Amino acid sequence: MVMAVPLFSTVLPPLFDYPNHLARMHVLSEGGNQFYAVHWEPLPNLAQDLIVPPLAQLMPLDIASKLFLVAIFGLITGGTIWLNRLGTGEWRMWPLLAFLLLYNRTFLWGFLNYLFGIGVALAGAALWLALERQRWWLRTLASSLVALACYLSHIAAFGFYVLVIMGIELSPAWDELRIRRWPVLGRRIAIAGAQFAIPGVLFFGYWPPTAAGGISYAAFWRKADLLFSVFDNYDRAFDIICLALFLGLIVWLAATRLLRLAPRLAGAVGLVFAAYLLLPSQIFGGSGADHRLPVAIFLLLIAASAAQFPNRRTAAAIGAAAAVLLFARIAVIEHVWLRADRVYSAELAGIDMLPRGARLAVAYPASAVNFAPVPEVHLAVLAVARREAFVPTLFAYAGQQPIALKPPYDMLAYAATPQELWGVVVPGRNAAKTAGLPKALQQYDFVAVTGGEPLDVPTTRCLWPFFKQPTFEIFTVLHDGACESPVR
């Protein structure tokens with residue numbers, strides 16, 4: 001309940017991709033409209049898409065979407081606590097440290113399907129251990145459903161689940177290999193591998209070629225820096241202190257041999273960490289692939305470990321310090337989110353002024369696609385949900401979302417990117433490259449402009465001010481010829 005306070009104290013949680021996700025949920029709940037078509041496929045990125053639209057039939061969309069965020073928190077913490085119980089053999093307070101990691105940089109970017117899938121993976125790994133002594137068919141059936149749910153949630157979360165299951169089975173499989181119990185080893189491999197059959201068929205049978213992409217690596221030293229993303233929120237100094245205290249506790253307990261890893265989960269921790277070191281930053285058309293894994297590593301480490309403190313007083317002191325740290329982090333998040341809420345409330349009023357069915361272009365510089373306490377890059381997309389508008393930046397990528405742009409709006413969306421339109425509405429920037437773009441802009445009714453800083457977009461002969469806030473403006477596109485130089 002404490003962790004959900006920021007979610008329900010704001011109109012719009014300031015997660016970078018959240019407005020875009022919310023607009024997509026609206027289109028899915030409506031079954032499409034004149035601009036967007038719904039094409040369901042077994043894509044490995046559907047957690048929110050499968051859960052929120054049905055909920056939106058029973059309650060307001062914004063509440064349904066926030067309940068999905070609460071479900072992410074519940075799955076992650078519940079999965080961590082349950083896996084710790086089965087791995088260490090008893091219920092402990094230790095895995096409650098997972099609550100400290102919920103508001104991480106991955107969450108603030110709005111990678112919601114992935115985080116939901118991580119929660120499914122942790123709970124699924126716990127279920128795998130819980131059913132170890134049950135009938136083989138029950139374990140196979142249950143684990144197959146978990147693997148399918150994990151795959152449909154997000155492909156990266158499914159990869160994490162595969163690694164965890166492999167790590168759990170590594171130790172007993174090695175023991176059976178050493179004593180050459182081949183039938184037992186074969187049975188173990190068959191039962192463990194059976195759960196990946198359906199996801200494997202879906203991956204190789206339905207993964208569209210357009211979803212494929214190149215593989216690239218960032219500088220290796222960035223691997224250490226990315227670990228900070230688990231605590232990196234809004235106050236750099238405070239977040240560094242949080243990370244230092246967290247790692248200091250782990251190192252102190254490990255150095256004094258007061259921290260032990262559950263034997264069945266130690267291999268999973270090592271396997272996932274090794275995968276993190278080897279994982280590229282770009283793969284299958286997705287960027288920041290290795291950026292997502294640190295939070296999963298820390299959660300798995302908490303789930304796999306058990307701390308034995310010197311005495312109850314020390315344990316109580318560390319528990320109290322962790323609770324203080326948790327409430328302090330929530331206070332910082334609540335402060336920033338309430339400030340963002342005031343900004344969003346004012347800007348949403350401008351979006352609500354648009355006529356229904358309008359065509360709204362979006363312009364912002366490439367530098368705006370970066371983390372910010374009050375992200376506004378995707379705010380204009382909410383016109384899709386609030387005004388039934390066409391906005392070209394709605395997430396509708398083949399192989400990633402079950403939504404596609406209808407003709408001729410697909411061509412209109414590809415005619416000019418937001419960065420290119422930024423060069424049109426803010427004259428003097430790459431004028432040679434944007435010379436042919438005013439014609440594309442003329443096919444829209446309005447253009448929303450944001451740049452992450454106070455704007456001063458000059459009036460042009462084809463743009464007229466419609467709504468203005470310090471970092472978010474909407475202009476009416478005047479259909480009286482091509483955009484020309486600023487009016488003097």
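Going along each chain's sequence as written, the residues are numbered from 1 onward. In keeping with the predicted nature of the model, local features appear solely for residues at pLDDT of at least 70, side-chain atom pairs appear and are counted solely at 80 or more, and the whole-chain, interface and lining totals rest on all residues. Excluded from the side-chain calculations are hydrogens and water; all other atoms, namely the structure's heavy atoms, are used.

Considerations on the packing of aromatic side chains
We apply this condition: Any Phe, Tyr or Trp ring, taking Trp's six-membered ring, that has another such ring centre within 6.5 Å forms a pair; planes under 30 degrees apart are called stacked, those over 60 apart edge-to-face, and the others tilted. Only DSSP runs of H or I covering at least 4 residues are called helices, and only runs of E covering at least 2 are called strands; the numbering of each starts at the N terminus. Partly exposed describes any residue whose relative accessible area lies between the buried limit of under 20% and the exposed limit of over 50%, with all areas from a 1.4 Å probe on protein chains only and scaled to the type maximum. Throughout this description, the term charge over a ring refers to an Arg CZ or Lys NZ atom that lies within 6 Å of the ring centre and within 35 degrees of the ring normal.
In total, this model carries 25 aromatic pairs according to the counting rule given. A ring pair is formed by Phe390 and Tyr444, whose centres lie 6.3 Å apart and whose planes are at 10°; its orientation type is stacked. A residue pair is termed long-range when its members are at least 10 positions apart, and Phe390 in the loop between α16 (383-387) and β7 (403-405) and Tyr444 in the loop between α19 (438-441) and β8 (446-450) qualify at 54 residues. Residue Tyr444 is classed as buried on the basis of its relative accessible area, which comes to 2%. Ring pairing ties together the aromatic residues Phe16, Trp109, Phe111, Tyr234 and Phe371, which thus form one cluster. For the cation-ring pair, Arg139 lies above Trp128, with the distance from its terminal atom to the ring centre recorded as 3.4 Å. The positively charged end of Arg292 is found above the aromatic ring belonging to Tyr114, 5.8 Å away from the centroid.

Considerations on the sheet that holds β8
To be explicit about the condition: In this scheme, strands are said to pair when DSSP sees at least two bridges between them. To get an axis, a line is fitted to the C-alpha atoms, and for a helix only the part in contact is used. The angle between two axes follows their N-to-C directions and goes from 0 to 180 degrees. It only takes one pair of heavy atoms within 4.5 Å for two residues to be counted as in contact.
Taking strand neighbours across the sheet as the criterion, the four strands line up as β6-β8-β10-β9 in an open arrangement whose pairing is mixed. Two strands in the sheet have a free side with no partner beyond their single neighbour: β6 (360-363) and β9 (463-469). Each strand of the sheet is rotated relative to its neighbour by a mean of 25°, with strand direction disregarded. Bridge count for β6 against β8 is four bridges, and the pairing is parallel. The residue bridging Ala361 from the neighbouring strand is Val447, located in β8. In the packing of helix α15 (residues 312-351) onto the sheet, the strands contacted are β9 and β10 (472-477), and the crossing angle to β9 comes to about 150°.

Quick notes on the confidence of the model for the protein chain
Here is the rule we go by: Values of pLDDT, ranging from 0 to 100, describe the predictor's confidence in every residue of the model.
Considering every residue of the protein chain, the mean pLDDT works out to 90; 91% of them sit at 70 or more. The least confident element of the protein chain is strand β4 (residues 286-287), whose mean pLDDT is 66; the most confident is helix α6 (residues 112-130), at 98. Segment residues 484-488: pLDDT under 50, and ten contacts once partners within four positions in sequence are set aside and those in other chains are kept.

Digging into helix α2 (residues 18-30)
Note the cut-off: Helix span, as expected, comes to 1.5 Å for every residue beyond the first.
Given a rise of 1.5 Å per residue, 13 residues ought to cover 18 Å, and the 19 Å separating the end C-alpha atoms of α2 matches this to within 8%. Those residues of α2 lying buried are Tyr18, Pro19, Asn20, His21, Leu22, Ala23, Arg24, Met25, His26, Val27, Leu28 and Ser29. The positive-phi residue at the C-terminal boundary of α2 is Gly31, with phi of around 75°.

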